[in-house]
Amino acid sequence: MNDKSYLPMKDFVSSYNDLCTDISVRNLSIALKNDKGNVVVKHITVSDKRADFSTTLRFVERFVKTMLWAYGGYEFIFCGQFAAEIAEELSLIYSPNGARKFDYDFFKKVYSLPLFFHESNSDNFPKEKITPVFPNLEGSGNRIGFDAGGSDRKVTAVKDGKVVFENETVWLPKINSDINYHIDGVADSVKFALDALDGKCDKIGVSTAGIVVGNEIRVASLFVAVDDKVFAEKGTKIYADLERKFNAPVSVINDGDAAALAGSMQIKKGCVLGIAMGTSLACGYIGSQNEITGYLNELAFIPVDANENGFADPWSGDSGVGAAYLSQDGIINLFREEGGVLNPDNTPAEKLKEVQALCNKGDKIAEEVFTRAGEIFGDFILYLTEFYDIKFVNAMGRVVSGKGGDILIDKAD
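Attention in this report is confined to the structure presented alongside it. (Residues numbered from 1 in each chain as written. Predicted model: local features only at pLDDT ≥ 70, side-chain atom pairs only at ≥ 80, totals over all residues. Heavy atoms only, no water.)

**Brief notes about the side chain of Thr56**
Operational definition: The helix count covers DSSP runs of H or I at least four residues long, the strand count covers runs of E at least two residues long, and both are numbered beginning at the N terminus. Residue burial is assigned from relative accessible area. The probe radius is 1.4 Å, only protein chains are included, and a residue is buried under 20% of its type maximum, exposed over 50%, and partly exposed in between.
Along the chain, Thr56 falls in helix H2 (residues 53–71). Taking the relative accessible area as the measure of exposure, Thr56 reaches 0% and is therefore buried.

**Quick word on the environment of Phe380**
So the rule is basically this: Any two residues having at least one pair of non-hydrogen atoms within 4.5 Å are treated as being in contact.
Looking at the element boundaries, Phe380 is found in helix H11 (residues 364–384). In this structure Phe380 comes out as buried when scored by relative accessible area, which is 2%. With residues near it in sequence (within four places) discarded, Phe380 still touches Leu281, Leu299, Ile302, Pro303, Val304 and Leu326.

**With respect to the packing of H2 against helix H4 (residues 101–111)**
Put simply, the rule reads: Only the stretch in contact is used when a helix axis is fitted, and all axes are lines through C-alpha atoms; the angle between N-to-C directions ranges over 0 to 180 degrees. Angular relationships are summarised with four words: roughly parallel below 35 degrees, roughly antiparallel beyond 145, roughly perpendicular across 65 to 115, and oblique for the angles in between. By the definition used in this description, the sense in which the near helix is turned from the far one sets the handedness, with an anticlockwise turn below a right angle giving left-handed and a clockwise turn giving right-handed. Each residue is assigned to one class: nonpolar for Ala, Val, Leu, Ile, Met, Phe, Trp, Tyr, Cys and Pro, charged for Asp, Glu, Lys and Arg, and polar for all the others, Gly among them.
The contact between H2 and H4 brings their axes to 12 Å, and the two run at 30 degrees. Judged by the angle between their axes, H2 and H4 are roughly parallel. You can see that H2 and H4 cross each other, and the crossing is left-handed. Contacts between H2 and H4 involve Lys65, Leu68 and Trp69 from the first element and Phe102, Asp103, Phe106 and Phe107 from the second. Looking at the contact of H2 with H4 residue by residue, the classes come out as 5 nonpolar, no polar and 2 charged.

**Brief notes about unusual backbone geometry**
One non-glycine residue with positive phi stands out, namely Cys271, at about 55 degrees. For Asn297, which is not glycine, the phi torsion reads 60 degrees and is therefore positive. As for its placement among the helices and strands, Asn297 is situated in the loop between strand E13 (281–286) and helix H9 (328–337).

**Some words on the nonpolar core**
Here is the rule we go by: Throughout, nonpolar core names a set of buried Ala, Val, Leu, Ile, Met, Phe, Trp, Tyr and Cys residues whose side chains join them through atoms within 4.5 Å.
Ranked by internal contacts, the top residues of the largest apolar core, which has 89 residues, are Ile30, Val60, Phe78, Leu90 and Tyr388. Here this core takes 11 residues from H2, the largest share from any one element. Not counting residues up to four positions away in its chain, the partners in contact with Leu90 are Leu57, Val60, Glu61, Val64, Phe78 and Phe117. If you look at the next biggest cluster of nonpolar residues, it comprises 31 residues, including Phe146, Val206, Phe231 and Ala248.

The structure is reproduced here in structure tokens:
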């Protein structure tokens, strides 16, 4: 790696663990609850040395941020070493005026509740509880699949398991503030497919970037330009409303879960992490029994680089997170850092294509960019094994296409 400041999260964890000698190590348990009553519990060890507290806080904060975006929830409970102090510090960091204001505001939108951090004793500390969903994979009848991405929208019509129509339309949802642009775009794509099925559809499946709760899209970068009040009124039900418009039941899942499910179906095994590297970094996870766990799986905001001066994500404002490294923006960031120059008038998707085209021609800078991205991807997967039981990874998206994608996957293995 040429980036001397890059510090993989797995190495940061290892470095912190070196502080925790046998005589100074103490346990800290962390529970995260969501609005469905699900609870995820993690147990870590921390140094009990007061001199190490600032490093311990940084370590726990990165760990907590990973839990927050991997699993989803609004209430953190701590039990063990420095539990009260850590809860108090994180309450300040994740607050309307704290360093993680974006995270605080984001999850308040998702759950309509503020993030909450507090201490508990061992008697009252909650037990883990996960309520999985087992998807219905029956493929008979007329079905429509719609995928909403940041650069294009795709739709497929399937009749008794056979694809009879496919369409891909370029759109720019992230820069359009008119919610009708989004509503009409989604409906137009579905209508194309419906026409190919002679107007008869038994089910519509939607794969979308963003956070989905009960078929409603709660927060997504696709709607970043839309006014919050307008989005709350008309945007959240954009996919659920397809049921009324087209008289067919609708099922909506995050595009990362769709990638994981596709991988699981292909290999007929579970414990699959599906990752889509495109406009952003999407993720999904299928458990050991081929279940959707209900985890949030938003890798775009999970730490990749522990260096506080790493690439900054323009939306969240945090440095070192997934979207700034393993997405089209990540490839652009790495290319610029290597000294490459791209057409400033091009969109991010077009800039990614520029780098990919250079890589296809054997350009050394472009090849190095995809090599570095592969190393980062491999490091990241190893870090994620702390949070997911991963046996297989299904990588998808524009970033992993072509020669550059081959280099990236090769280097990550």
